[in-house]
Amino acid sequence: MSDSDHAHPAAGAPTPNLWSRDGFTGSNAIALRNDYTPTYRSVRGPHAPHRFNLLAIETQDQSDAEALPTPVLVARNGLELAVSHRRQPMPYALRNTEGDELHLVQSGSARFVTDFGTLEAGPLDFVHIPRSITYRIDPLSQDYAALILTSPDPLRFDTPAPFGMINFGKAVRKPSIDPQGAPGTTRLCLRTFDGVTEFDMVHDPIRALAQVGGPPPVWALNLRDIVPVSYGERGGPPAQFLSTADTDVMAFTLSARPGPRPPVHVNADYDEIILFAEGPGAWGGISEPGTVTWVPKGVTHHGPVEDVPAGYQAWLLEVRQTMRLTDAARQHARLIETSEYGYQD
Ligand SMILES: [Fe+2]
């Protein structure tokens, strides 16, 4: 693939190259280069930019109700992204004892039955289930698909101001407890780094009468209800809406917003994972909902224009851990060029 295939918009003019620490929040330095540096001819080794569509991943839970979601990107500390295509209700209650879970529903809908109430989630809804909250998922459609982040450190809202980006009173939905609810399963599965430990309980561990203390720990929020931060025509980084206290994980909306294209850049500290959730506009070389891109830290990249008048919705994850594709993802993953995120070959 030649440089001309991914010509810089200002081909012929020197290009700023940004090196940045700590994602969008640390120090940075910019060099002006004559060459358009993101392009590469070939690559050997695992630390290379890829894309795959989560709708194409063959998950165990689409044919086996007992199965857990299928990991697609994993790190050494247990940070994980997994895909679910669950078709049948979970026949057990589950607690993830290793981390907080953030589910992003790509398609279809499901009922989440949790320790602190039940809520329904549909396309582009996030559902946050903190560590060791008990839950069951009942799919409400036959096209249910979700991308699930597990973070060893707690995830909490981290918006740049108390209001403006997210209407916490309206957009953030809380589950409700049905005190008349019938008893459910007494199978309780605790998920740990080395598998699942199953308890045969005397009672349904989830059924409750009311929440009588503390704020509800489980919530849902739609990606479309998170307002992208823009600097107008000047351009600037996105702002996170969710992070861990140590910023090991930072989550952003990367949906369409005004402003110029980002600079050619190298992230010193973060792997960058983006889910293109829906159009109608295309984001560079990507127009298929469910497309996940992964650009590992240290890889020079440019990234498509975000100022797309037709609009699109995307979720950006910055993670300090170095991620790797699993075998299940590798079957569908292809190398991308690092300008518009089209296929490299
Ligand atoms: Fe980037």
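Numbering of residues starts from 1 in each chain and follows the order in which that chain's sequence is written. At least 70 in pLDDT is required for a residue's local features to be given in this predicted model, at least 80 for side-chain atom pairs to be given and counted, and no such filter applies to totals for whole chains, interfaces and linings, which use all residues. Computation of side-chain values: all heavy atoms of the structure, hydrogens and water removed.

Caption draft 1: Local environment of the packing of aromatic side chains. For Phe, Tyr and Trp, rings pair up if their centres lie within 6.5 Å, where Trp contributes its six-membered ring, and each pair is then called stacked (planes under 30 degrees apart), edge-to-face (over 60) or tilted (otherwise). Under the defined criterion, the tally for this structure stands at eight aromatic pairs. A centroid spacing of 5.0 Å and a plane angle of 75° characterise the contact between Phe157 and Phe168, whose relative ring orientation is edge-to-face. Within this pair, whereas Phe157 is found in strand S13 (residues 156-157), its partner Phe168 is found in the loop between S13 and strand S14 (187-192), the two being separated by eleven residues in sequence. We call a residue buried when its accessible area falls under 20% of the maximum for its residue type, exposed when it is over 50%, and partly exposed in between, using a 1.4 Å probe and counting protein chains only. Under the relative-accessibility criterion, Phe168 is labelled partly exposed at 30%. Both rings, one in Trp283 and one in Tyr341, keep their centres 5.3 Å apart while their planes meet at 90°; by these two values the pair is edge-to-face. Placement of Trp283 in the loop between strand S20 (271-278) and strand S21 (291-295) and of Tyr341 in the segment after strand S24 (334-335) is noted, with a sequence separation of 58 residues between them. Helix and strand labels come from DSSP, where a helix needs a run of H or I of at least four residues and a strand needs a run of E of at least two; each type is numbered from the N terminus.

Caption draft 2: Spotlight on the sheet that holds strand S15 (residues 195-200). Strand pairing is defined by DSSP finding a minimum of two bridges between the two strands. As summarised here, the arrangement of the six strands in space is S9-S8-S11-S6-S14-S15, forming an open sheet in which the pairing is mixed. Edge strands, defined here as strands with exactly one partner in the open sheet, are strand S9 (117-121) and S15. Looking at each pair of strands side by side, their axes are set apart by 30° on average, direction ignored. Examined bridge by bridge, S14 and S15 share six bridges and lie antiparallel to one another. When the sheet's bridge partners are listed, Cys189 is paired in S15 with Glu198. Only C-alpha atoms enter the line fits that serve as axes; for helices the fit covers just the stretch in contact. Angles between N-to-C directions range over 0 to 180 degrees.

Caption draft 3: Seen up close, the coordination of the iron ion. Because no water is among the atoms considered, metal sites can look incomplete, with donors defined as N, O and S atoms within 2.8 Å of the metal, or 3.2 Å for Na, K and Ca. Surrounding the iron ion are the protein donor atoms His265 (NE2), Glu272 (OE), Glu272 (OE) and His301 (NE2), at 2.1 to 2.7 Å. Here the iron ion is ringed by four donor atoms whose angles at the metal span 53 to 172°, and the overall shape comes out irregular. A relative accessible area of 1% means that His301 is categorised as buried. Only two sets of limits are used to name each site, 85 to 135 degrees for every angle of a tetrahedral four-donor site, and over 155 degrees for opposite donors with all other angles from 65 to 115 for a square planar four-donor or octahedral six-donor site, with any other site named irregular.

Caption draft 4: Representation of the domain arrangement of the protein in the model. How far each domain reaches was decided by an automatic or database domain assignment. Looking at the assigned domains, one finds that the protein contains domain 1 (26-52 + 228-335) and domain 2 (55-223). For domain 1 and domain 2, the distance between their C-alpha centroids amounts to 26 Å. On the side of domain 2, 34 residues touch domain 1, which itself brings 37 residues to the contact. Using a 1.4 Å probe, buried area is obtained as the accessible area two parts lose upon being combined, added over both of them. When domain 1 packs against domain 2, the two sides together hide about 3100 Å² of surface, and 70% of this comes from carbon and sulfur. When the area that domain 1 buries against domain 2 is broken down by residue, the three leading residues are Phe241, Leu242 and Trp315, summing to 22%. Salt bridge criterion: a side-chain nitrogen from Lys or Arg within 4 Å of a carboxyl oxygen from Asp or Glu. If you look at where domain 1 meets domain 2, you find zero salt bridges. N or O atoms closer than or at 3.5 Å make up a polar contact, with two conditions inside protein: a donor-capable atom paired with an acceptor-capable one, and, for residues adjacent in sequence, both atoms drawn from side chains. The interface formed by domain 1 and domain 2 includes ten residue pairs in polar contact (both at pLDDT 80 or more). Broken down by secondary-structure element, the contributors of at least two residues to the side of domain 1 that touches domain 2 are strand S17 (240-243), strand S18 (249-253), S20, S21, strand S22 (313-319), strand S23 (324-325) and helix H1 (327-330). Note on residue categories: nonpolar means Ala, Val, Leu, Ile, Met, Phe, Trp, Tyr, Cys or Pro, charged means Asp, Glu, Lys or Arg, and polar means any other residue, Gly included. Considering only residue class, the side of domain 1 that touches domain 2 consists of 22 nonpolar, eleven polar and four charged. Here a residue-residue contact requires only that any non-hydrogen atoms of the pair lie within 4.5 Å.

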